[in-house]
Amino acid sequence: MPHTVTPAAAAAALTELWSPRVIAELDDSYVKVAKLQGTLAWHSHEHEDELFFVLHGKLRIELESGAVDLAAGDLFVVPKGVRHNPIADEECHVMLVERKSTLHTGDEITDRTRGLSDQLRPL
């Protein structure tokens, strides 16, 4: 039976920060939601673009070439290979669209890095 997903409600229900969860799949990509606060880590995804869509709050994505400030309803794509560092001064909910091969923190491993098995856990 077909079912719908409400990304904003799924993100709001999360209890862990910086721990994305898969809410849908399309072709070779996952649609994920995450609850953010604080800073993640400088990292890049060598072969994958990463789409950020802010559902709630504000997000700043630092890039080596400058920074992008996003509010609810804003979308930004970090191109493959570009080092970036997401920062949310206050709680922020995002929806991400990434290829299935995208590693959470790319080329960096931190205490906030989550593997795919964590991201596929039920909400």
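Keep in mind that what you see is a predicted model, and the values were worked out from it rather than measured.

Here's the deal with the overall build of the chain
Helix and strand counts for the chain stand at 2 helices and 7 strands. Along the chain, helices (α) and strands (β) appear in the sequence α-β-β-β-β-β-β-β-α when read from the amino end. When each of the 123 residues of the chain is scored for burial, the buried share is 41%. For the chain, the share of sequence-separated contacts (at least 6 apart) that also reach a separation of at least 24 residues comes to 66%. When the accessible surface of the chain is totalled, it reaches about 6,700 Å², and 54% of it is carbon and sulfur.

Here we look at the packing of aromatic side chains
Tallied over the entire structure, the rule returns 0 aromatic pairs. Taking NZ or CZ as reference, Lys100 lies 5.3 Å from the ring centre of Tyr30, over its face.

Things to note about the environment of Leu14
Within the secondary structure, Leu14 sits in the loop between helix 1 (7-13) and strand 1 (21-26). For the pair Leu14 and Leu123, spaced 109 residues apart in the sequence, the C-alpha separation amounts to 7.0 Å.

Some words on the side chain of Glu98
Within the secondary structure, Glu98 is located in strand 7 (residues 84-99). In terms of polar contacts, Glu98 uses its side chain to reach the side chain of Lys32, at 2.7 Å. If we ignore the near neighbours within four places in the chain, the residues touching Glu98 are Asp28, Ser29, Tyr30, Lys32 and Glu50.

Here's the deal with the pairing of strand 6 (residues 75-78)
Covered by surrounding structure in strand 6 are Phe76 and Val78 only, the residues Leu75 and Val77 on the alternate face being uncovered. Here 4 bridges tie strand 3 (residues 50-56) to strand 6, and the two strands are oriented antiparallel to one another. Bridge pairing in strand 6 places Glu50 opposite Val78.

Looking at unusual backbone geometry
Phi is positive for Trp18, which is not a glycine, with a value near 60 degrees. As for its placement among the helices and strands, Trp18 is situated in the loop between helix 1 and strand 1. Even without being a glycine, Asp27 presents a positive backbone phi close to 45 degrees. Tracing the sequence through the fold places Asp27 in the loop between strand 1 and strand 2 (29-39). Taking the relative accessible area as the measure of exposure, Asp27 reaches 74% and is therefore exposed.

Side note on the pattern of salt bridges
Where charged atoms of side chains with opposite charge meet at close range, the side chains can pair. The full count for this structure, using the stated rule, is 6 salt bridges. With a shortest N-O distance of 3.2 Å, Glu16 and Arg21 are connected by a salt bridge. Residue classification places Arg21 among the buried positions, given a relative accessible area of 8%. One salt bridge connects Lys100 with Glu25, and the closest N-O pair in it is separated by 2.7 Å. Taken as a pair, Lys100 in the loop between strand 7 and helix 2 (116-119) and Glu25 in strand 1 lie far apart in primary sequence, 75 residues in all. A relative accessible area of 31% means that Lys100 is categorised as partly exposed.

Rules behind the numbers
Residues numbered from 1 in each chain as written. Predicted model: local features only at pLDDT ≥ 70, side-chain atom pairs only at ≥ 80, totals over all residues. Heavy atoms only, no water. Helix = DSSP H or I, 4+ residues; strand = E, 2+ residues; numbered from the N terminus. Buried < 20%, exposed > 50% of the residue type's maximum accessible area, 1.4 Å probe, protein only. Contact = heavy atoms within 4.5 Å. Areas by Shrake-Rupley, 256 points an atom, 1.4 Å probe, with all protein chains shown as cover. Phe/Tyr/Trp six-rings, centres within 6.5 Å; stacked < 30°, edge-to-face > 60°. Lys NZ or Arg CZ within 6 Å of the ring centre and 35° of its normal. Polar contact = N/O pair within 3.5 Å; in protein donor to acceptor, adjacent residues only side chain to side chain. Pairing = 2+ DSSP bridges. Salt bridge = Lys/Arg side-chain N within 4 Å of Asp/Glu carboxyl O.

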